[in-house]
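# Inside the fold
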Amino acid sequence: MAIAVMPVIFFLISLGLAFATGTSWGTFGILIPISVTILSGNYMMMSVCVGAILAGAVCGDHISPISDTTILSSAGAQCRHIDHVATQMPYALTVALCASVGYILSGITGNGYIGLAGAAISLLSNNVIFRLRNYFEEYKKERKNDMNGFVYDIPTRIYFGQDQLCHLGDELKKYGKKVLVAYGGGSIKKSGLYDKVMAQISAAGLYAAELPGIEPNPKIDSVRRGAELCKQENIDMVLAVGGGSTIDAAKFIAAGACADIDPWEFIKNRAPIERALPVITVLTIAATGSEMDNCGVISNPETNDKIGRGDYKLVPKASFLDPTVTYSVSAYQTACGAADIISHICEVYFNTEKDLYMLDGFMEVLFKTVIKYAPIAIAKPDDYEARANLMWASSWAINGFLDGGRTLAWSCHPMEHQLSAYYDITHGLGLAILPPRWMRHCLNDATAPRLARFARTVFSVDNALDDAEAANAGIERLSEFLFTTLGLKSTLSAIGIDQTHFDAMAEKACGAGGVIEGFVPLKKQDVLDIYRMSL
């Protein structure tokens, strides 16, 4: 048995010795006398072992970073020495593996010709495998250029415009007699919206239970309280009066009311949502688009988690969108809402998958709508046209229509969710600070054309600029809009965030798979780099 493994042992030792010393001739001089001495009585095995030493030494010499062979090769090719070594490795080691198979067979059979045949077959098999792999990779690239099919179904009835709230009572009556009214702070009472909503409920002859105090970045405790209240009062439907936080909470209250588990299980562990109470919304701010989608995001301060979950059963049955309701929204919240809308569009627009031309155009119009009307709404809060355009753009930015057949994951939202989870900042503010840095991090030869199209189409950047220049100019224009025109803080340090939790935040942002498979795949180090760029 010891003789049988001699060829492969001498091959591997000579390869390692030549790699370490950078000399094949030195390796010959050391190992050939040893092999001849050991195997002097077995001419066939001695011949095989000497051949193994010669082959291993030459292989090791050609991939050694200190070998004169590799040094002269990289110098002649005028490339970085380490790059030359790295490119040789896969080929040399593949052949070395095939040779090892041959030397093992030679040792077992005692016949060098059988070993030679085995090595040749192994090498041919590897060649076939690599060619098939390359073929399928090319095939996948070609398929990637095909548009994916999709199903689009959004069952939400929209009541859009001034005085549409008069239909609220009739809409609620479709789903039962008991309604839970969920809302945030006191703003809906100050504006008079609360009285209008309660009047509609009363006129429809419905019973109303109330759940006030839903927080920005809604907390799981509010969801738990709401679900329990629904069970105690035998509630038939949930009416969310507020912005995205109230609506998100209402969706999981509706699911929790129909299950005997902690609602956090729906979010953290993706427990199946078998059914949910009907959700109806009265929107008070243009931002998240939760009034017309199947998603919600809930925070758990105890674990520093902020997690999103979507399910078709959470789509609102009806939503009331009256732009005049948003007249009282502050300049700051209007700006944050605009940044939120832009981020939703960016998450879909910046994508390497081919999709419908009309969807790209639609998204570009949505970008332009927000860029045009957000400053107007800030300067003149009661401008109906500005408020109406922002409100409708918000809904269409995230109701699934823009997705088409695109399947790549969102990038900025997982990163921002960690900022909100750890620091409880306004969601839209985080989505203003991160995207420009994310774009710069993603900019490369492959992504430059898409970023350049954004710059030229949305911001009318000079067509004479090449793609990289145009992309950088577009990122600058977006930053100028978010931080100068809208007046939002431009860095994390400006809002009191330092690097203390970045490592944990980056790990959570990447999820269980360790990577965000978005416009450009982002691993933990990429996310850390983007956070640091945002300081």
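Here the residue numbering is sequential within each chain, running from 1 through the sequence in written order. Note on the predicted model: pLDDT of at least 70 is required for a residue's local features to be given, and 80 or more for side-chain atom pairs to be given and counted; whole-chain, interface and lining totals, by contrast, use all residues. To obtain the side-chain values, all non-hydrogen atoms of the structure were used and water was disregarded.

Grid points spaced at 1 Å over the protein atoms alone were grouped into cavities, where a 1.4 Å probe fits but cannot get out, and pockets, open sets with protein on both sides within 12 Å along at least five of seven lines, with lining residues defined by an atom within 4 Å of a point. Grid points are joined across faces, edges and corners, and a volume is the space filled by probe spheres set on the points. Using the criterion set out here, one finds two cavities of 30 Å³ or more in the structure. Taken as a whole, the largest cavity holds about 60 Å³ of empty space. Looking at the largest cavity, the residues that line it are I285, A286, T326, V329, T334, G337, A338, I341, R387 and L390. Among the elements of the structure, α13 (331–349) and α15 (384–396) are those that each provide at least two residues to the lining of the largest cavity. Segments assigned H or I by DSSP are reported as helices when at least four residues long, segments assigned E as strands when at least two residues long, and all are numbered from the N terminus. It is α13 that contributes the most residues to the lining of the largest cavity, four residues altogether. Of the residues belonging to the lining of the largest cavity, the class tally is six nonpolar, three polar and one charged. Looking at the second largest cavity, its volume works out to about 30 Å³. Elements that contribute at least two residues to the lining of the second largest cavity include exactly α13 and α17 (427–442). Per-element accounting of the lining of the second largest cavity gives the leading share, four residues, to α13. Note that Gly is not counted as nonpolar here; it falls among the polar residues with everything else outside the nonpolar set of Ala, Val, Leu, Ile, Met, Phe, Trp, Tyr, Cys and Pro and the charged set of Asp, Glu, Lys and Arg.

This part covers the sheet that holds strand β3 (residues 207–211). The six strands are arranged β1-β8-β5-β4-β2-β3 in an open sheet whose pairing can be described as parallel. With one partner strand each, in any of the chains shown, β1 (157–160) and β3 form the two edges of the open sheet. Within the sheet, the average angular offset between the axes of one strand and its neighbour, ignoring direction, is 20°. Strands β2 (178–183), β3 and β4 (237–242) of the sheet are contacted by helix α10 (residues 220–233), whose axis makes an angle of about 155° with β3. The criterion for strand pairing is that DSSP finds at least two bridges linking the strands in question. Where helices are involved, their axes are fitted lines through C-alpha atoms of the stretch in contact, as for all axes, and angles between N-to-C directions lie from 0 to 180°. Contact definition: two residues touch when any of their heavy atoms are within 4.5 Å.

Moving on to the pairing of strand β5 (residues 279–283). Taken residue by residue, a regular strand's side chains alternate between the two faces of the sheet. Partly exposed residues are those whose accessible area sits between 20% and 50% of the maximum for their type, while under 20% is buried and over 50% is exposed, using a 1.4 Å probe and protein chains only. Buried residues dominate β5, accounting for five of its five residues. Side chains V279, T281 and L283 of β5 all project onto a buried face; the interleaved residues I280 and V282 project onto the opposite face, where all are buried too. Judged from the five bridges that link them, β4 and β5 form a sheet pairing that is parallel. By the bridge assignment for β5, V238 is matched with V279.

Note on aromatic contacts: the rings of Phe and Tyr and the six-membered ring of Trp form a pair at centre separations within 6.5 Å, being stacked when their planes are under 30 degrees apart, edge-to-face when over 60 apart, and tilted otherwise. As enumerated under the stated definition, the model contains 20 aromatic pairs in all. A centroid spacing of 5.7 Å and a plane angle of 65° characterise the contact between Y183 and Y194, whose relative ring orientation is edge-to-face. Of this pair, Y183 sits in strand β2 while Y194 sits in helix α9 (residues 193–203), placing them eleven residues apart in sequence. For Y183, a relative accessible area of 3% corresponds to the buried category. A ring pair is formed by F367 and F454, whose centres lie 5.1 Å apart and whose planes are at 70°; its orientation type is edge-to-face. Here the residue F367 occupies a position in helix α14 (residues 357–379), and F454 occupies one in helix α18 (residues 448–458), the gap between them amounting to 87 residues.

Let's shift gears to the packing of helix α16 (residues 412–423) against helix α21 (residues 524–533). Where α16 contacts α21, the axes come no closer than 11 Å and their chain directions differ by 60°. On the basis of the axis angle, α16 is oblique to α21. Crossing of α16 against α21: the hand is right-handed. Contacts between α16 and α21 involve M415, Q418 and L419 from the first element and V527, I530 and Y531 from the second. For the contact of α16 with α21, a count of residues per class yields five nonpolar, one polar and no charged. Any angle that is under 35 degrees is reported as roughly parallel, and any over 145 degrees as roughly antiparallel; angles of 65 to 115 degrees are reported as roughly perpendicular and all others as oblique. By definition, turning the near helix anticlockwise from the far helix through less than a right angle yields a left-handed crossing, and turning it clockwise yields a right-handed one.

Now for helix α11 (residues 244–256). Take the number of residues in a helix, subtract one, and multiply by 1.5 Å to get its expected span. Spanning 13 residues, α11 covers 18 Å between terminal C-alpha atoms, matching the ideal 18 Å at 1.5 Å per step. Most of α11 sits out of view: twelve of its 13 residues are buried. Looking at α11, one finds that the buried residues are G244, T246, I247, D248, A249, A250, K251, F252, I253, A254, A255 and G256.

Let's shift gears to the nonpolar core. Core analysis: the biggest nonpolar cluster contains 104 residues, and M415, W438 and Y531 have the highest contact counts within it. Ranked by residues supplied to this core, first place goes to α13 with ten residues. Discounting residues that sit within four places of it in the chain, M415 has contacts with L434, W438, A509, I516, L522, V527, I530 and Y531. Judged by nonpolar contacts, the second largest core, of 23 residues, contains L172, L193, M198 and L239. Here, the term nonpolar core denotes a set of buried Ala, Val, Leu, Ile, Met, Phe, Trp, Tyr and Cys residues that are joined through side-chain atoms within 4.5 Å.

Before going further, it helps to spend a moment on the pairing of β4. Counting buried positions along β4 yields six of six residues, so the element is predominantly enclosed. Here β4 shows no split at all, with M237, L239 and V241 on one side and V238, A240 and G242 on the other all buried. One ladder, built from five bridges, connects β2 with β4; its direction is parallel. Note on β4: the bridge partner recorded for V181 is L239.

The next thing to look at is the environment of F362. Note on placement: F362 falls in helix α14. Owing to a relative accessible area of 28%, F362 belongs among the partly exposed residues under this scheme. A C-alpha to C-alpha distance of 27 Å links F362 and S245, two positions 117 residues apart in sequence. When sequence neighbours within four positions are dropped, the list of residues in contact with F362 reads W396, F401 and L402.

Read these as spatial facts, not as claims about activity.
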